[in-house]
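Secondary and tertiary structure notes
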Amino acid sequence: MTNFPWLTTIILFPIVASLLIPIIPDKDGKTVRWYALIIGLIDFAIIISAFCTGYDTNNPDLQLVESYAWVPQLDLNWSVGADGLSMPLIILTGFITTLAIMAAWPVTFKPKLFYFLMLVMYGGQIAVFAVQDMLLFFLVWELELVPVYLILSIWGGKKRLYAATKFILYTAGGSLFILIAALAMAFYGDTVTFDMRAVAAKDYALNLQLLLYGAFLIAYAVKLPIFPLHTWLPDAHGEATAPAHMLLAGILLKMGGYALLRMNAGMLPDAHAVFAPILVILGVVNIVYAALTSFAQRNLKRKIAYSSISHMGFVLIGIASFTEIGLSGAVLQMISHGLIGASLFFLVGATYDRTHTLILDEMGGVGKKMKKVFAMWTTCSMASLALPGMSGFVAEVMVFIGFATSDAYNPTFKVLVIFLAAVGVILTPIYLLSMLREILYGPENKELIENEVLTDAEPREVFIIGCLLVPIIGIGLYPKIVTQIYDATTVQLTARLRDAVPTLIESGEVALNSESELLMRAPAIR
């Protein structure tokens with residue numbers, strides 16, 4: 001099986017299978033939903049098989065590599081591979097998307113189109129993490145935008161067209177910067193190539209690196225999202241259905257973090273040394289600003305959406321920490337938040353299906369009628385506020401320790417960043433526990449009790465949350481089960497990033513003209 005095209009099969013299988021959906025005889029969607037779920041389970045099984053048989057956790061380099069000529073004159077190939085940065089996210093994608101298909105069970109409006117888009121999304125998302133060709137990366141990055149736009153605009157809430165249009169304008173606009181930077185890197189130098197490893201090996205002038213890094217950062221800041229390019233996310237979540245929520249929070253946001261690691265840090269390490277303090281500042285702004293905004297929200301979906309933005313700020317700090325534990329924490333935070341975010345947004349959908357309201361002031365006391373929902377909300381919220389024993393706690397602690405022990409920053413700057421990030425950490429349990437109180441505790445809303453049937457969670461919903469809680473708790477108790485997948489790669493990447501910092505300063509290419517610049521600039525690593 002060493003020569004089996006694992007990744008190509010994983011990417012194309014759900015896409016090809018989706019093409020058969022129009023010919024499936026089905027009137028009410030019951031057949032097609034089982035078909036989509038079976039395809040999802042088979043593809044996830046192939047992912048696990050590829051990991052178990054063809055992936056070596058001790059190898060930091062690309063594995064499961066496949067390359068087929070596409071346009072030989074431009075060295076443009078169907079090139080895929082997986083390393084420690086991509087493999088855990090490929091597994092996460094298969095896991096979350098399969099559960100999202102199961103979460104879509106109640107969909108009865110145009111079910112064939114819905115499940116067709118879900119399967120296309122399945123393959124497109126995995127392709128983003130697997131492709132190793134710059135132009136191909138841009139194409140699959142664009143591919144996954146179309147299903148999300150259609151799912152939002154057709155199955156969303158009252159303002160679905162506004163939310164879907166804003167999503168496509170922000171993300172497609174950001175994608176233009178990927179294309180421009182990719183073309184510049186491909187055509188730079190004596191050879192024209194789109195292969196990521198060949199492109200990364202080119203010797204770019206620092207000024208060009210800074211321009212390329214800035215272009216990529218704009219594109220990935222939209223997807224992560226980073227303040228102030230984040231405003232599409234609360235609107236998208238505000239109108240999305242539960243399956244779309246799970247894909248947005250569980251996978252799409254992680255594409256931004258992955259691309260920052262793969263392209264910005266991995267391909268442009270010298271520019272990363274210059275931009276790293278900016279990433280740290282943006283991370284702190286994300287954490288504090290989004291936490292405060294989440295605290296003020298009265299709409300349940302928007303509250304969880306801003307919570308997601310806040311948690312992704314830790315990814316930025318970890319990426320810019322110049323330490324192995326900090327970078328490892330950033331990757332673990334992406335995985336952890338993918339699981340926790342998917343669980344919270346699924347519960348938002350389940351709660352709305354029963355109460356038909358998202359306004360916290362109109363809820364209250366529903367925990368008395370829905371004891372299973374009460375238990376699931378409480379457990380998943382504890383995971384989100386980083387309770388010890390949950391994956392969020394391990395990831396955030398690793399980022400804090402990684403940045404605090406980093407010798408790449410002025411001590412004053414580190415203390416300030418840690419203090420502000422800690423403020424965000426303190427705010428998180430405040431707004432989450434307050435949310436739980438308003439939904440589940442207190443006196444019952446008599447109008448809600450009289451007009452809505454508050455049935456408890458059904459077995460399908462308990463199963464989905466149970467599947468998400470197993471890795472959340474498992475990672476919290478034994479994080480090595482995940483970190484060993486990518487440790488070798490993050491160690492190698494950290495070494496390369498650390499090497500770039502003293503090189504820049506010693507060569508005199510970066511001038512530090514004031515104390516304020518020295519405070520924010522990553523000085524020479526000792």
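So, how was this worked out
- Residues numbered from 1 in each chain as written.
- Predicted model: local features only at pLDDT ≥ 70, side-chain atom pairs only at ≥ 80, totals over all residues.
- Heavy atoms only, no water.
- Core = buried A, V, L, I, M, F, W, Y, C linked by side-chain atoms within 4.5 Å.
- Buried < 20%, exposed > 50% of the residue type's maximum accessible area, 1.4 Å probe, protein only.
- Helix = DSSP H or I, 4+ residues; strand = E, 2+ residues; numbered from the N terminus.
- pLDDT = per-residue confidence, 0-100.
- Pairing = 2+ DSSP bridges.
- Phe/Tyr/Trp six-rings, centres within 6.5 Å; stacked < 30°, edge-to-face > 60°.
- Lys NZ or Arg CZ within 6 Å of the ring centre and 35° of its normal.
- Patch = residues over 30% accessible without salt bridge, like charges linked within 9 Å, V, L, I, M, F, W, Y side chains within 5 Å.
- Areas by Shrake-Rupley, 256 points an atom, 1.4 Å probe, with all protein chains shown as cover.
- Salt bridge = Lys/Arg side-chain N within 4 Å of Asp/Glu carboxyl O.

Remarks on the nonpolar core
Within the largest apolar cluster, 193 residues are counted, with the highest numbers of intra-cluster contacts made by Met134, Phe137, Tyr220, Met246 and Trp377. If one sorts the elements of this core by residue count, helix H11 (residues 242–267) sits on top with 17 residues.

Some details on the confidence of the model for the protein
Residues at a pLDDT of 70 or more form 94% of the protein, whose mean pLDDT is 88. Here helix H21 (residues 515–520) stands out as the least confident element of the protein, with mean pLDDT 41; helix H3 (residues 87–103) is the most confident, with 95.

Re the pairing of strand S2 (residues 76–82)
When you tally the buried positions in S2, you get 7 out of 7 residues, the bulk of the element. What you see with S2 is no split at all: Leu76, Trp78, Val80 and Ala82 on one side and Asn77, Ser79 and Gly81 on the other are buried throughout. Two elements, strand S1 (residues 63–71) and S2, share 6 bridges in a ladder whose sense is antiparallel. Each bridged residue has a counterpart across the sheet, and for Tyr68 the counterpart in S2 is Trp78.

Here's the deal with the packing of aromatic side chains
Considering all chains together, one arrives at 22 aromatic pairs under this definition. Ring plane angle 80 degrees and centroid distance 5.0 Å describe the contact between Phe114 and Trp155, whose orientation is recorded as edge-to-face. In this pair, Phe114 is assigned in helix H4 (residues 111–130) and Trp155 in helix H6 (residues 145–155), connecting sequence segments 41 residues apart. We note that Phe114, like Trp155, is buried. By way of ring pairs, the aromatic residues Phe109, Phe114, Tyr115 and Trp155 are connected into one cluster. When the ring centre of Tyr352 is taken as reference, the NZ or CZ atom of Lys301 above it lies at 5.9 Å.

Comments concerning a nonpolar patch on the surface
Nonpolar side chains collect at one region of the surface, where Ile325, Phe393, Val397 and Ile401 lie side by side and expose about 270 Å² of accessible area between them. Sorting elements by how many residues they give to the nonpolar patch places helix H16 (residues 391–404) first, with 3 residues. Of note, Ile325 is situated in helix H14 (residues 324–355).

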